[in-house]
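Residue-level structural notes
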Amino acid sequence: MNRKILFFDIDGTIFCTQIGRVTDRVRESIAEARRRGHLCFIASGRPWAFIAENIKRLEFDGYVLANGANIKYRGRDAGTRYLNREDVGELCRAFRRGNIQYILSTPEHSYIDRKFTGLLDFYRKCNIDFENLVHVFEEDDIVGRTLKIEAWADTKEDVEYAAGCCRKFASEVHGPGETIEIYSRQVSKATGIRQVLEMMDVPVEDSFCFGDGPNDVEMFKTVGNGFAMENGVDAVKKLATAVCPGVEQDGVALKLEELFEKNVL
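Residues numbered from 1 in each chain as written. Predicted model: local features only at pLDDT ≥ 70, side-chain atom pairs only at ≥ 80, totals over all residues. Heavy atoms only, no water.

Glancing now at the packing of aromatic side chains. Overall, the coordinates contain 14 aromatic pairs when judged by the stated rule. Judged by centre distance (5.1 Å) and plane angle (85°), the rings of Trp48 and Tyr63 are edge-to-face. Taken together, the residues span a long stretch of sequence, with Trp48 in the loop between strand E2 (39-43) and helix H2 (53-56) and Tyr63 in strand E3 (residues 62-65) at a distance of 15 residues. Looking at Trp48, the relative accessible area reads 23%, which means it is partly exposed. On the accessibility criterion, Tyr63 (6% relative accessible area) is buried. Ring pairs connect the aromatic residues Phe8, Trp48, Phe60, Tyr63, Phe208, Phe210 and Phe227, which therefore count as one cluster. (Phe/Tyr/Trp six-rings, centres within 6.5 Å; stacked < 30°, edge-to-face > 60°. Helix = DSSP H or I, 4+ residues; strand = E, 2+ residues; numbered from the N terminus. Buried < 20%, exposed > 50% of the residue type's maximum accessible area, 1.4 Å probe, protein only.)

Structure follows, in structure tokens:
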């Protein structure tokens, strides 16, 4: 059997927020895929600092992170796409003028002012290990190594102001009381996955993905076989090879077990 490569989103796909963990059945099914010789990667909008220890313990072969801007393989950086230093500095100054809270993420850490309590309170609900967040730093030292930025806006007016500052970047606005994700127009989960497939010399037809959210659409357009979660958005379901049961029903495990039984994996 040819070696396959599998890409997994985190939230709403393998990590069930309702119970606050990856279930044992999902954990074991991913481990079984690796025992069979297949490669398992996380593909996430999260930067490295946002990957909690409970995810790292699953011992993935690698990660496509920060919407494709950072690739890690077996503990080492295998690709980075930094944002333009001047553009990041300009954006930070605009956010400060508008009292918009933000966090800067590099391949190793994420940097946030302790005064940005709205953003920090939001992250407390997001399965993030806070020891990976750095609060004492010189911003000028970080802007040149920034992969991704997230901003916090808790009113409609602040959302509109912050979004208007991001015209030089790609961005995803999740509404008041949530974050705005800001990253390069030249990267996505798709660009990261294509780089991994080339690096590992795996043909597209031997690639699989599991996902549920809007930022998974490009991933589903890229891999050979895409499985959407029942709890996912319609945009990924329309692109999927099949729809799995939801994350609360161990959908990833059920689909992997089916693929094992059919000798697809």
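Having seen the model, we can carry on.
Let us now look at the sheet that holds E3. Taken in spatial order, the eight strands make up an open sheet running E5-E4-E3-E2-E1-E12-E13-E14, and their pairing is mixed. Strands at the two margins of the open sheet, each flanked by one partner only, are strand E5 (76-80) and strand E14 (242-244). In this sheet, adjacent strand axes meet at a mean angle of 20° when their direction is disregarded. In the sheet, strand E4 (residues 70-73) pairs with E5 via four bridges, with the strands oriented antiparallel. Along E5, the bridge assignment pairs Tyr73 with Arg76. (Pairing = 2+ DSSP bridges. Axes fitted to C-alpha atoms, helices over the stretch in contact; angles between N-to-C directions.)

Take the nonpolar core next. In this structure, Phe95, Tyr102, Leu104, Tyr123, Ile149 and Ile182 are the most contacted members of the largest nonpolar core, which totals 31 residues. At the level of elements, helix H3 (85-97), strand E6 (101-105), helix H4 (117-123), strand E9 (148-153) and strand E11 (178-183) are the ones that each hand at least two residues to this core. When near neighbours in sequence (up to four residues on either side) are disregarded, Phe95 contacts Ile100, Tyr102, Ile149, Ala151, Ala162, Cys165, Cys166 and Ile182. The next biggest cluster of nonpolar side chains, apart from the first, holds 30 residues, and it includes Leu6, Phe15, Ala253 and Phe260. (Core = buried A, V, L, I, M, F, W, Y, C linked by side-chain atoms within 4.5 Å. Contact = heavy atoms within 4.5 Å.)

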